[in-house]
Amino acid sequence: MTPLPPGSTIGILGGGQLGRMLAVAAAQLGYRCHIYAPDEASIAADVAAEFTCAQDDDIEALGKFADSCDVITFEFENVPVAPLAAIADRAPLYPPVAALDVAQNRVTEKTFARTHGGTTAPFAEVTDRESLDGAIEEIGATAILKTIRMGYDGKGQARIKPGDDLAVHWDSVGHQPCVAEGFVTFSHEFSVILVRGQDGAIGYWDTPHNIHEDGILAQSLVPAPAEIVAQEQAARALAAKMAEAMDYVGVLTCEFFATADGPVFNEMAPRVHNSGHWTIEGAITSQFENHIRAICGLPLGDTGLAASKVEMTNLISGNADQWQALLSDPANHLHLYGKGESRPGRKMGHVTKLFF
Ligand code: AMP
């Protein structure tokens, strides 16, 4: 493992807030970042050395980008895999493409978790209107229909109750291939956030208790309550097995439901994650810094807590307008992402409060 020297260029596919926070962490370690994103208004590019504005399947632009980078990573899991094959020999890519293959398809992802000993919600694949009937018969009438690909923050999802007209739900997901999931009764939601280095070393951050509102993460709280801590070991063991099976390098996040029967795996994100934003000030080494360290072949930093209690609250749409009031509490660390327009459900920033 030869570490990438400071001054090297890290390519980041995607231009949102995760890319922005990765670029800030990379700059601190002396690296330059080159952002590749299809949107001219990419907030990661505002804090990076270079920016290529091009589509994810533009092989020529991707090739030039790869030639300018010493290593490439991504900040969202829906990067199309096929064009990446064309640049595979131009610069190393971490996490590996195998992780994108798993994370981009909810059926593959849940099957992968089960193969490695995890429990998931009961699920059935839905390819057309008729198979939705069959799926609901199989898994029960209280269910969630999720598009197999491209869903995030509760988008591309329909909640099904007994007696519902299934045709309406099928219309609402745009007749796209879906997975129908049985509704899981859980007491809490939590995530395992781990980092795996090029030498296979794994570090875990404290497990956050994640509170969602309308399918979007609202808060992450550390330390988590006892109900979550009791399930942490089993959840970590599954996440580590999955990481090892993919020969993973970087930060991996796995989301779980804490149920009476133990942790139920929901989904994984092969990247830094919103439920790990608290680590910027709340941990000795943040998820962003450790992701950069891992992909650059540096030793991993300490994932331990830097406070006795940490609360991360997302600033969604208009909530970011309270920035002055938030700054009046000296225990708050405010992060604004520099997104111009506030739309309903849009993550505009977050605030982390530390308690000692
Ligand atoms: P996802 O896009 O899969 O992360 O779903 C967004 C949110 O919807 C989750 O964080 C849960 O709060 C809820 N949810 C998703 N799947 C299920 C399920 N099978 N049972 C109960 N709640 C769920």
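Residues numbered from 1 in each chain as written. Predicted model: local features only at pLDDT ≥ 70, side-chain atom pairs only at ≥ 80, totals over all residues. Heavy atoms only, no water.

Run through the overall build of the chain, naming residues and quoting values.
Within the chain one finds eleven helices and 17 strands. In terms of overall dimensions, the chain is globule-like: its C-alpha atoms have a radius of gyration of 20 Å, near the 21 Å expected for 356 residues. The dimensions of the chain, computed from C-alpha atoms along their principal axes, are 60 × 50 × 40 Å. Taken across its 356 residues, the chain has 55% of its residues classed as buried. In the chain, once contacts between residues fewer than 6 apart in sequence are set aside, the share between residues at least 24 apart is 61%. Of the roughly 14,900 Å² of accessible surface on the chain, 51% is carried by carbon and sulfur atoms. (Helix = DSSP H or I, 4+ residues; strand = E, 2+ residues; numbered from the N terminus. Rg over C-alpha atoms; globule rule 2.2 N^0.38 Å. Buried < 20%, exposed > 50% of the residue type's maximum accessible area, 1.4 Å probe, protein only. Contact = heavy atoms within 4.5 Å. Areas by Shrake-Rupley, 256 points an atom, 1.4 Å probe, with all protein chains shown as cover.)

Could you give an account of the site of the ligand, naming the residues involved and the relevant values?
Taken together, 16 residues are adjacent to the ligand, and Lys-146, Gln-157, Glu-181, Glu-189 and Glu-267 come closest. His-212 is positioned such that a nitrogen or oxygen atom in its side chain is 3.4 Å from an oxygen atom of the ligand. A distance of 3.1 Å is found between an oxygen atom of the ligand and a side-chain nitrogen or oxygen belonging to Asn-266. Computed on the free molecule, the ligand has an accessible area of 470 Å², of which 96% lies beneath the protein chains in the complex. Those elements that place two or more of their residues in the shell around the ligand are strand E6 (143–147), strand E7 (157–160), strand E8 (178–182) and strand E14 (262–269). Taken together, the residues of the shell around the ligand sort by class into five nonpolar, five polar and six charged. Counting the residues that make up the shell around the ligand, at least three belong to each of domain 2 (122–182) and domain 3 (188–355). (Near = heavy atom within 4 Å. Polar contact = N/O pair within 3.5 Å; in protein donor to acceptor, adjacent residues only side chain to side chain. Nonpolar A, V, L, I, M, F, W, Y, C, P; charged D, E, K, R; others polar. Domains from an automatic or database assignment.)

Could you give an account of the packing of aromatic side chains, naming the residues involved and the relevant values?
Under the definition given, this model contains four aromatic pairs. A centroid spacing of 5.4 Å and a plane angle of 15 degrees characterise the contact between Phe-190 and Phe-256, whose relative ring orientation is stacked. With a gap of 66 residues between them, Phe-190 in strand E9 (residues 188–196) and Phe-256 in strand E13 (residues 250–259) connect regions that are remote in the sequence. Per residue, the accessibility class of Phe-190 equals that of Phe-256, and both read buried. Their ring planes at 80 degrees and their centres at 5.9 Å tell us that Phe-256 and Phe-265 sit as a pair that is edge-to-face. Look at Phe-265 and you get buried, because its relative accessible area is 1%. Joined through ring pairs, the aromatic side chains of Phe-190, Phe-256 and Phe-265 make up one cluster. The residue whose ring lies beneath Lys-309 is Phe-355, and the NZ or CZ to ring-centre distance is 4.4 Å. (Phe/Tyr/Trp six-rings, centres within 6.5 Å; stacked < 30°, edge-to-face > 60°. Lys NZ or Arg CZ within 6 Å of the ring centre and 35° of its normal.)

Explain the sheet that holds E8 residue by residue, including any values.
Spatially, the four strands line up as an open sheet ordered E5-E8-E6-E7, and their pairing is antiparallel. The sheet is open, and its two edges are formed by strand E5 (123–126) and E7, each paired on a single side. Geometrically, the sheet is characterised by an average inter-axis angle of 20 degrees between neighbouring strands, direction not taken into account. By the bridge criterion, four bridges tie E6 to E7 in an arrangement that is antiparallel. Of the residues in E7, the one forming a bridge with Leu-145 is Ala-158. (Pairing = 2+ DSSP bridges. Axes fitted to C-alpha atoms, helices over the stretch in contact; angles between N-to-C directions.)

Please give an account of the packing of helix H1 (residues 17–28) against helix H10 (residues 287–295) that cites residues and values.
Where H1 contacts H10, the two axes come as close as 8 Å, and the packing angle between them is 65 degrees. Between H1 and H10, the interaxial angle falls into the category roughly perpendicular. Here H1 and H10 pass one another in a crossing that is right-handed. Here Leu-18, Met-21, Leu-22, Ala-25, Ala-26 and Gln-28 of H1 come into contact with H10, specifically with Phe-288, Glu-289, His-291 and Ile-292. Considered class by class, the residues forming the contact of H1 with H10 number seven nonpolar, two polar and one charged. (Parallel < 35°, antiparallel > 145°, perpendicular 65-115°, else oblique. Left-handed = near helix turned anticlockwise from the far one by under 90°.)

Give a description of the layout of surface pockets that names residues and reports values.
Regions of empty space are outlined by a rolling probe, equal in size to a water molecule, passed over the atoms. Counted as a void, the second largest pocket has a volume near 290 Å³. Every element with two or more residues in the lining of the second largest pocket is listed here: H1, helix H9 (279–282), H10 and strand E16 (332–336). For the lining of the second largest pocket, the element with the most residues is H1, which contributes six residues. (1 Å grid on protein atoms, 1.4 Å probe; cavity = no way out; pocket = protein on both sides within 12 Å on 5 of 7 lines; lining within 4 Å. Points joined across faces, edges and corners; volume = space filled by probe spheres on them.)

Run through the environment of Asn-78, naming residues and quoting values.
Mapped onto the secondary structure, Asn-78 falls in the loop between strand E4 (71–74) and helix H3 (81–86). For the pair Asn-78 and Gly-14, spaced 64 residues apart in the sequence, the C-alpha separation amounts to 9.6 Å. Not counting chain neighbours up to four residues away, the residues in contact with Asn-78 comprise Gln-104 and Met-150.

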